[in-house]
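Residues per chain, in single letters:
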Amino acid sequence: MMARRLVIAGVCLAVLIAAVALLFDQLAAKPGPVAQSTSSPTSSPGPGSGSSAPAGTTSQGAEAPTSGSSPSGGSSGGSAEGGGDAGASPSGGQALEVLPPVTATPTGLPEPTPPAPLITGALPEPGTASGEVVDGWPAGVLTLPAGTTIGSTSMSTSGNILQVAADGIVDKPRAEVLGSFRDSLVSHGFWTEDAPAGEGAMAARFVRGADTVTVSVSTTGTGSSRFQLLGSLHTSAD
């Protein structure tokens, strides 16, 4: 009797286990609520419709994107656009244009022709004189102001250059004495400019090609003007 009961209990237990296993299989096969909520109501055929939406289309009727294409509709446009900048510099700016080499030599103004020498013939002998003009002094070029009391005059030579010096006193204002030298030298083709001078003095520099003359004028204690002249004249010997 006991053995029969044990057999019946075992059979019931086996049936119960089989029922539980079947229940778990049905629960696993049943779709979850999330999957059901994602389906669009328009995806199911409406009343009276005889066909469903074609495969490969969405519920909106637009084609589903194919593999290899981006959602924005461009596939490899980025690489194509990048290729269009092949002529740009690596820094992103425009490529520099290289100018062709200059074939013609630039030409400027021609060198000015040196003026003809103001002194021609044999160079005078070097010398010095006090109270008078030294022998050979180029009086035709360097004219001393009228009324000059000569202190000294001198000359020396170096190659084809005649160097001259003179000093004297003139009973006239400084500007008038300097103006007398300016009128004389400008008439021979010199141009003039102001030159540095000591305190209480005024000076001018005269230039003609390679020839230069500098004159400085100061005021003496008696109110007269004392001048000092230094010059360098290029000569041409016959």
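Before going into details, it helps to say that this report is about the structure given with it. (Residues numbered from 1 in each chain as written. Predicted model: local features only at pLDDT ≥ 70, side-chain atom pairs only at ≥ 80, totals over all residues. Heavy atoms only, no water.)

Counting 25 residues, the largest nonpolar core has W137, L142, V213, V215, F227 and L229 as its most contacted members. Broken down by secondary-structure element, the contributors of at least two residues to this core are β4 (161-170), α4 (174-186), β6 (201-208), β7 (211-219) and β8 (225-236). (Core = buried A, V, L, I, M, F, W, Y, C linked by side-chain atoms within 4.5 Å. Buried < 20%, exposed > 50% of the residue type's maximum accessible area, 1.4 Å probe, protein only. Helix = DSSP H or I, 4+ residues; strand = E, 2+ residues; numbered from the N terminus.)

This part is about the packing of aromatic side chains. Each pair of aromatic rings is reported with the distance of its centres and the angle of its planes. Taken as a whole and judged by the stated rule, the model has 1 aromatic pair. Ring geometry for F181 against F227: centres 5.2 Å apart, planes inclined by 65°, an arrangement best described as edge-to-face. Highlighted residues: F181 in helix α4 and F227 in strand β8, separated in sequence by 46 residues. Taken individually, F181 and F227 each receive the classification buried, so the pair is uniform in this respect. (Phe/Tyr/Trp six-rings, centres within 6.5 Å; stacked < 30°, edge-to-face > 60°.)

Counted according to the given criterion, the structure contains 2 salt bridges. The partner of R205 in a salt bridge is E193, with the nearest N and O atoms 2.8 Å apart. Highlighted residues: R205 in strand β6 and E193 in strand β5 (residues 191-195), separated in sequence by 12 residues. Put simply, R208 and D211 hold a salt bridge, and the shortest N to O gap is 3.9 Å. Each member of the pair, R208 as well as D211, is classed as buried. (Salt bridge = Lys/Arg side-chain N within 4 Å of Asp/Glu carboxyl O.)

We now examine the pairing of strand β3 (residues 149-158). Looking at chain direction, strand β2 (residues 127-130) and β3 are connected through 4 bridges and run antiparallel. Among the inter-strand pairings, A129 is bridged to a residue of β3, identified as T153. What sits between β3 and β4 in their antiparallel hairpin is a turn of 2 residues, with G159 showing a positive phi close to 70°. (Pairing = 2+ DSSP bridges.)

This part takes up α4. Since the α-helix turns once every 3.6 residues, residues separated by three or four places project in the same direction. A rise of 1.5 Å per residue sets the reference length of α4, with its 13 residues, at 18 Å; its end C-alpha atoms lie 18 Å apart and thus fit the reference within 8%. Within α4, the full set of buried residues consists of V177, L178, G179, F181, S184 and L185. Its buried side turned inward, α4 meets β4, β6, β7 and β8. (Expected span 1.5 Å × (residues − 1). Contact = heavy atoms within 4.5 Å.)

Pairing of β6 with β7, which is carried by 8 bridges, proceeds in the antiparallel orientation. If you follow A203 over to β7, its bridge partner there is S216. Taken together, β6 and the strand that follows it, β7, pair antiparallel across an intervening segment of 2 residues, in which G209 is found at a positive phi of about 65°. Note: β7 against β8, 8 bridges, orientation antiparallel. Considered in β8, the bridge of V213 is made with G231. The antiparallel hairpin formed by β7 and β8 contains 5 residues in its connecting segment, where G223 sits at a positive phi of about 95°.

The values reported here are purely geometric and, on their own, carry no functional implication.
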